[in-house]
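The lines below spell out each chain.
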Amino acid sequence: MDYALHEVLEVQEIATYKTLCLTKSKTMKGLVSDEGLKKILQQDVDTSTRQLQEFASILSKAKPN
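Residues numbered from 1 in each chain as written. Predicted model: local features only at pLDDT ≥ 70, side-chain atom pairs only at ≥ 80, totals over all residues. Heavy atoms only, no water.

A. Region of interest: the overall build of the protein chain. If you tally the helices and strands in the protein chain, you get two helices and two strands. Its C-alpha atoms give the protein chain principal-axis dimensions of roughly 50 × 15 × 10 Å. Evaluated residue by residue, the protein chain yields a buried proportion of 22% over its 65 residues. For the protein chain, the share of sequence-separated contacts (at least 6 apart) that also reach a separation of at least 24 residues comes to 71%. Total accessible area computed for the protein chain in this model is approximately 4,900 Å², and 59% of it derives from carbon and sulfur atoms. Between the averaged position of the 9 positive side-chain charges in the protein chain and that of its 9 negative side-chain charges there is a distance of 7 Å. (Helix = DSSP H or I, 4+ residues; strand = E, 2+ residues; numbered from the N terminus. Buried < 20%, exposed > 50% of the residue type's maximum accessible area, 1.4 Å probe, protein only. Contact = heavy atoms within 4.5 Å. Areas by Shrake-Rupley, 256 points an atom, 1.4 Å probe, with all protein chains shown as cover. Lys, Arg positive; Asp, Glu negative; His and termini not counted. Charge placed at Lys NZ, Arg CZ, Asp CG, Glu CD.)

Pasting the structure below:
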């Protein structure tokens, strides 16, 4: 699919942000003792991982103009 350069760059920027969120959630999960908070952090890890896979799929198909 053809995307404008700014669209590809925006997806890359979002993917970078989600990677940072994923790293932070994984790190914090190992440091917290509250089980409820650990569950929330694990949900964020799962969601961020799925979203990053979707972004990777979009970027692999992107052909910027």
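B. Molecular detail of the side chain of Lys18. Inspection of the secondary structure puts Lys18 in helix H1 (residues 5–31). Of the side chains with opposite charge, Asp44 lies nearest to the buried Lys18, which makes no salt bridge, at 4.5 Å. In this structure the side chain of Lys18 is engaged in a polar contact, spanning 3.1 Å, whose partner is the side chain of Gln51. Not counting residues within four places of it along the chain, the set of residues in contact with Lys18 comprises Asp44, Ser48, Gln51, Leu52 and Phe55. (Salt bridge = Lys/Arg side-chain N within 4 Å of Asp/Glu carboxyl O. Polar contact = N/O pair within 3.5 Å; in protein donor to acceptor, adjacent residues only side chain to side chain.)

C. Region of interest: the environment of Ser25. You can see Ser25 is positioned in helix H1. You can call Ser25 buried: its relative accessible area is 7%. Distance in space between the C-alpha atoms of Ser25 and Gln42 is 7.5 Å, their sequence separation being 17 residues. For Ser25, the residues in contact, after removing those within four places along its chain, are Leu41, Asp44 and Val45.

D. The arrangement of the environment of Glu7 in detail. Structurally, Glu7 can be placed in helix H1. A relative accessible area of 34% means that Glu7 is categorised as partly exposed. Each C-alpha atom, one on Glu7 and one on Ala62, is 9.4 Å from the other, the two residues being 55 residues apart in sequence.

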